[in-house]
Amino acid sequence: MSAAATTIAHEVPPQTGPRAFLHRLRQGDQVAHLLTLTFAAVILLLTSMLVYELWVNSHLSRTQFGWAFFWTKVWDPNFDNFGAAPFIYGTLVTSAVALLLAVPLGLASAIFLSELAPRKISDIISFLIDLLAAVPSVIYGLLGIFIVVPLMRTTLGPLLINTLGNVPGIGVLFRGPNYGVGFLTAGIVLAIMVVPFIISVSREVLLTVPREQREAALALGATRWESTWQVVVPWARAGIMGSVFLALARALGETMAVTMVIGNAAAIKASLLSPGDTIASTIANQFTEATGDLYLSSLIELGLVLFLITFILNGLARILIVATERGGGRPA
Amino acid sequence: MSTLRILWRKSLNFVMLTLTGVAAFAVVSVLFLILGYLIWNGGTSLSWNFFTQLPKPVGESGGGMANAIVGSLKLLLLAALMGLPVGLLAGVYLAEFGGKTFSFVVRYTTDLLNGVPSIVIGIFAYSLAVLPVKHFSALAGGVALGIMVIPITVRSTEEFLRAVPGNMREAAMALGASKWKTIATVVLPAASGGILTGMLLALARVAGETAPLLFTAFGNRFWSHGWGQPIASLPVMIYTYAVAPYDDWHRQAWAAGLVLLGLVLLSNLGARFILARSKAV
């Protein structure tokens, strides 16, 4: 009984009235916990609703075309016949072109900024590059239409056709009519857009490599380049891969800049100079014009495909980075 | 043999290092060339009318985009009202209350939502806010942008709350404050500069978004009254005007591009300024 008496020694909270309400507020930890938890749950709810809406609203198209949707090469709204192959092709080709151009350029610039440039200059340039990463994509599209497209039509396109077009093997990529708009133009604009991401992330991780690593390599008689390429870059490769995946995810989902310069044609052509379409540009162009439920449903299924691609890519990037980090990021 | 090898290594060193410098120079100069071109073209096309007048019909020159500027601001207001509270409170949950598994799931989902292409967010907002009422509206555009604001706000809020030293929390609790009171009166104010920066950056990012607005807010060549009508926005106007075949519209697109870029870059600089000042205190 005495133990019970000591616990009752605390003031008993009032059960009713304004003082009870005040007391509950003072003990408000539970309320705050529940409130913030609710809002965290809102994010889960929103994301599952996103998947649900994409799935349900593409039902008509999924039942009509099944898996054939992925390899059907025809996209014909007049006869209600829809296949995603040209757009999947266009998405992959433009992203590949963008990465082929942006990764070497971006990585080299990041190496210059972290290894060679004085810290002050490096910081200023990085600050400017970070600002460029914030430029809206529609502005890159605007510049693409009025700078890159004319350049492609008058100078770069004919140059490529006359030189690389004659090389056996890859020549097939640079033949045929040249309109200025097309896969290559879209790839170039995408490359300009993603380079700031690659530089910014890669520079950060290169700067985290311990200075001893460089000094040890140099002390062993390595040249500056050998120490950079064989010691510093392998150490930072997880982060560099991360930056490449970030760039790829952005390139795949990019809509406006691509829509404005790719030419909008549902066709699979070997030539990089021919007009095409990506998944995102097709949705942007045709969504408001989609007459008929099957048309709209097919466009939404395209959105579902794009969602799944970026979902898988994000997952892969995460696994890759975690795996490399567990390996210590050291050269094997 | 050995001198030849050393010569080779030294020249490789020189060539590769020069190449990295050339690459950095090329990237920076291309980026500046582009911006210079935009500022030149935008600057010569920009006039006072751009800020005060409605778009003129095709064929008539002049006119402005006053409705699109106001439209963009209205859409941003909606996005802020819908997205920021969710982002802030979810961020507080992750930093202060979160358990292990549920927090991991929330964090993962937030990153996933952040990585969803903006055009897909547009489809989602379309099926949420356009399909049920069967017409485009400012509200639907706000929903699309609001969803995009959430993940950025969550992650920056969590990051800056975590940066608050643990002994500040302990000091508040030792004085008898309850947990929520500690968070509300000690932790949140301490992190407020960073959190504000994150919010501003999130809004700056969605201010330039075009794709999710194409089939939610749609566009409007006139003033939009209330929240239930299609509404003009700067990014969509830039797109429409840039792909149109009229020279006069192209000039307007450049002007709009310059205004939008100025808006976005200024808020980025402002955000950095706030962050720098809150760190200095």
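None of the values given here were measured: they were computed from a predicted structure.

## As for the overall build of chain A
The helix and strand tally for chain A stands at 14 helices and two strands. Residue burial in chain A is summarised as follows: out of 332 residues, 46% are buried. Here the contacts in chain A between residues at least 6 apart in sequence split such that 75% fall between residues at least 24 apart.

## Structural notes on the overall build of chain B
Per the secondary structure count, chain B includes ten helices and zero strands. Its helices and strands taken in sequence order, chain B reads α-α-α-α-α-α-α-α-α-α from the N to the C terminus. The C-alpha radius of gyration of chain B comes to 24 Å, more than 25% above the 19 Å expected for a compact globule of 281 residues. Overall, the C-alpha framework of chain B stretches about 75 × 70 × 35 Å when taken along its three principal axes. Partitioning the intrachain contacts of chain B with sequence separation of at least 6 by distance along the chain shows that 72% fall at a separation of at least 24.

## A few points about the interface of chain B and chain A
Counting from both sides, the interface comprises 66 residues of chain B and, opposite them, 63 residues of chain A. Among the secondary structure elements, those contributing two or more residues to the side of chain B that touches chain A are helix 1 (2–45), helix 3 (66–97), helix 4 (101–115), helix 5 (118–130), helix 6 (138–162), helix 8 (179–207), helix 9 (234–243) and helix 10 (247–280) of chain B. Counting residues per element, the side of chain B that touches chain A draws most heavily on helix 1 of chain B, which supplies 19 residues. Along the lines of polarity and charge, the residues of the side of chain B that touches chain A split into 49 nonpolar, 13 polar and four charged.

## Regarding the domain arrangement of chain B
Residues and elements named next belong to chain B. For chain B, the domain assignment lists domain 1 (2–45) and domain 2 (52–280). Between the C-alpha centres of domain 1 and domain 2 the distance comes to 35 Å. Counting residues at the interface gives six residues for domain 1 and seven residues for domain 2. When the residues that make up the side of domain 1 that touches domain 2 are grouped by side-chain class, the tally is two nonpolar, four polar and no charged.

## Points about helix 9 of chain B
Burial analysis of helix 9 of chain B places nine of its ten residues in the buried class, which makes it a mostly covered element. The complete set of buried residues in helix 9 of chain B reads B:Leu234, B:Pro235, B:Val236, B:Met237, B:Ile238, B:Tyr239, B:Thr240, B:Tyr241 and B:Ala242.

## Details of the environment of A:Ala317
Residue and element names in this part refer to chain A. Within the element layout of this structure, alanine 317 appears in helix 14 (residues 293–326). In this structure alanine 317 comes out as partly exposed when scored by C-beta crowding, with 19 C-beta atoms within 10 Å. Separated by 71 residues in the primary sequence, alanine 317 and leucine 246 have C-alpha atoms spaced 8.2 Å apart. The contact partners of alanine 317, leaving out residues within four places of it in the chain, are Gly242 and Phe245.

## Regarding the environment of B:Ser267
All names here are of chain B. Residue placement: serine 267 occurs in helix 10. Given 17 C-beta atoms within a 10 Å radius, serine 267 is considered partly exposed. For serine 267, the contacting residues outside a window of four places in its chain are Leu200, Leu203 and Ala204.

## Examining helix 3 of chain B
All names here are of chain B. The terminal C-alpha atoms of helix 3, which comprises 32 residues, lie 45 Å apart, in line with the 46 Å expected from a rise of 1.5 Å per residue. At glycine 83, helix 3 is bent by approximately 30°, the largest bend along its length, and proline proline 85 sits one to four residues beyond. Summarising burial for helix 3: 23 of the 32 residues are buried, a large majority.

## With respect to the packing of helix 5 (residues 85–116) of chain A against helix 1 of chain B
Relative placement of two packed helices is described by the angle separating their axes and the distance separating the axes. Two elements in contact, helix 5 of chain A and helix 1 of chain B, have axes whose closest approach is 7 Å; the angle formed by their N-to-C orientations is 110°. In terms of orientation, helix 5 of chain A lies roughly perpendicular with respect to helix 1 of chain B. On helix 1 of chain B, the residues touching A:Leu105, A:Ala108, A:Ser109, A:Ile111, A:Phe112, A:Leu113 and A:Leu116 of helix 5 of chain A are B:Leu17, B:Leu19, B:Thr20, B:Gly21, B:Ala23, B:Ala24, B:Ala26 and B:Val27. For the contact of helix 5 of chain A with helix 1 of chain B, the residue count by class is twelve nonpolar, three polar and no charged.

## Points about the nonpolar core
Counting residues in each nonpolar core, the largest one holds 175 residues, and the members touching the most others are A:Val194, A:Ile198, A:Val261 and B:Ile238. Ranked by the residues each element gives to this core, the list is headed by helix 8 (residues 183–208) of chain A, at 17 residues. Residue assignment places this core across two domains, with domain 1 (2–45) and domain 2 (52–280) of chain B each supplying three or more. Excluding its chain neighbours within four sequence positions, the residues that come into contact with A:Ile198 are A:Ala102, A:Val103, A:Gly106, A:Leu107, A:Ser243, A:Val244 and A:Ala247.

## Structural notes on the confidence of the model for chain B
Scored by pLDDT, chain B comes out at a mean of 89, with 99% of its residues at no less than 70. Interface confidence for the predicted complex, expressed as ipTM, amounts to 0.89; the pTM equals 0.88.

## Looking at unusual backbone geometry
Unlike most non-glycine residues, A:Asp80 shows phi in positive territory, near 50°. Its place among the elements puts A:Asp80 in the loop between strand 1 (75–76) and strand 2 (81–82). Positioned with a positive phi, B:Phe218 is a non-glycine residue whose angle comes to about 65°. Inspection of the secondary structure assignment puts B:Phe218 in the loop between helix 8 and helix 9. Residue classification places B:Phe218 among the buried residues on the basis of 22 C-beta atoms within 10 Å.

## Section: the confidence of the model for chain A
All names here are of chain A. Scored by pLDDT, chain A comes out at a mean of 85, with 88% of its residues at no less than 70. Mean pLDDT per element in chain A: helix 1 (residues 2–8) is the minimum at 45, and helix 5 is the maximum at 94. Low confidence marks residues 1–9, where pLDDT is under 50. Its contacts with residues over four positions away, or in another chain, come to zero contacts. pLDDT under 50 marks residues 328–332. Its contacts with residues more than four places away, or in other chains, come to eight contacts.

## Observations concerning the environment of A:Asp123
Checked against the element boundaries, A:Asp123 lands in helix 6 (residues 119–133). Sequence separation between A:Asp123 and A:Leu113 is ten residues; the distance between their C-alpha atoms is 8.3 Å.

## Re the packing of helix 7 (residues 137–162) of chain A against helix 1 of chain B
Axis separation between helix 7 of chain A and helix 1 of chain B bottoms out at 11 Å; the angle between their running directions is 90°. Relative to helix 1 of chain B, the element helix 7 of chain A lies roughly perpendicular. Between helix 7 of chain A and helix 1 of chain B, the contacting residues are A:Ile139, A:Leu143 and A:Ile147 on the first element and B:Ile34, B:Tyr37 and B:Leu38 on the second.

So, how was this worked out
Residues numbered from 1 in each chain as written. Chains lettered and ligands numbered in written order. Predicted model: local features only at pLDDT ≥ 70, side-chain atom pairs only at ≥ 80, totals over all residues. Helix = DSSP H or I, 4+ residues; strand = E, 2+ residues; numbered from the N terminus. Buried ≥ 20, exposed ≤ 12 C-beta atoms within 10 Å, placed from the backbone. Contact = placed C-beta atoms within 7 Å. Rg over C-alpha atoms; globule rule 2.2 N^0.38 Å. Nonpolar A, V, L, I, M, F, W, Y, C, P; charged D, E, K, R; others polar. Domains from an automatic or database assignment. Expected span 1.5 Å × (residues − 1). Bend = angle between axes of the 7 residues up to and from the residue. Axes fitted to C-alpha atoms, helices over the stretch in contact; angles between N-to-C directions. Parallel < 35°, antiparallel > 145°, perpendicular 65-115°, else oblique. Core = buried A, V, L, I, M, F, W, Y, C linked by C-beta atoms within 7 Å. pLDDT = per-residue confidence, 0-100.

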